[in-house]
Amino acid sequence: MEDGHTYYVLGDTQRGAITSYVDYDNLSITNVTQPTHQFCCGSVTLSIVQDGTRISLNISGAGTNSGWFNAMENYVAGNVGFNGDIERIRANVRRWGQQ
């Protein structure tokens, strides 16, 4: 992932453009939806947090939706969409911890 790079997360430029910002010092990535994104306008931040021996992933987002249906679709898509990312991150953290 490159800082300031635009990605097309829904497979095409008309519905899924986001720009990602990487904060290396704080171990976080913020994805900002672009005007062509289906769920514009908003952002989601993923942050790695360490508390003693515990490591966790904090996911937070904020934005506006054009209506109730779009807000519910965004909520469901966000919960389902990030599950794969969370599982990959969890597997990597566990693998690194065993080295």
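Preceding block: the structure.
Chains are numbered independently. Their residues run from 1 in the order of the written sequence. Local features in this predicted model are restricted to residues of pLDDT 70 or higher, and side-chain atom pairs are both shown and tallied only at a pLDDT of 80 or more, whereas totals for entire chains, interfaces and linings draw on every residue. Note that water and hydrogens are dropped before the side-chain values are worked out from all heavy atoms of the structure.

Account for the overall build of the protein chain, naming residues and giving values.
The number of helices and strands found in the protein chain is one helix and five strands. Put simply, DSSP H or I for four residues or longer makes a helix, DSSP E for two residues or longer makes a strand, and each gets a number counted from the N terminus. Its helices and strands in sequence order give the protein chain the pattern β-β-β-β-β-α, from N to C terminus. The buried share of the protein chain, taken over its 99 residues, is 17%. Two residues qualify as a contact provided that any one of their heavy atoms is within 4.5 Å of a heavy atom in the partner residue. For the protein chain, contacts bridging at least 24 residues in sequence account for 15% of all contacts bridging at least 6. With residues, only the protein chains shown are counted as cover, and all accessible areas are computed by Shrake-Rupley using a 1.4 Å probe. Roughly 7,200 Å² of accessible area belongs to the protein chain as shown, and the carbon and sulfur atoms make up 54% of that amount. Only protein chains enter the accessibility calculation, which uses a 1.4 Å probe. A residue is then buried if its area is under 20% of the maximum for its type, exposed if over 50%, and partly exposed in between.

If you had to explain the environment of D23 to someone new, which residues and values would you point to?
Within the secondary structure layout, D23 lies in strand β2 (residues 17–23). The exposure class assigned to D23 is partly exposed, which follows from its relative accessible area of 30%. Sequence separation of D23 and D3 is 20 residues, and the distance between their C-alpha atoms is 8.1 Å. At 2.9 Å, the side chain of D23 forms a polar contact with the side chain of N26. Polar contact criterion, stated in full: a pair of N or O atoms within 3.5 Å, where within protein one must be able to donate a hydrogen and the other to accept it, and residues adjacent in sequence count only if both atoms are side-chain atoms.

Could you give an account of the sheet that holds strand β1 (residues 5–8), with specific residues and numbers?
Pairing between the strands of a sheet comes from backbone hydrogen bonds, and it takes one of two forms, parallel or antiparallel. Taken together, the five strands give an open sheet; going across it, the order is β1-β2-β3-β4-β5, and neighbouring strands pair in antiparallel fashion. Edge positions in the sheet fall to β1 and β5 (54–63), since each of these pairs with one other strand and no more. Neighbour-to-neighbour, the strand axes of this sheet turn through a mean angle of 25 degrees, independent of strand direction. The criterion for strand pairing is that DSSP finds at least two bridges linking the strands in question. In this structure, strand β4 (residues 42–51) lies alongside β5, joined through ten bridges in antiparallel fashion. Bridging across to β5, I48 finds its partner in L57. Angles run from 0 to 180 degrees between N-to-C directions of axes, and those axes are lines fitted to C-alpha atoms, restricted for helices to the stretch in contact.

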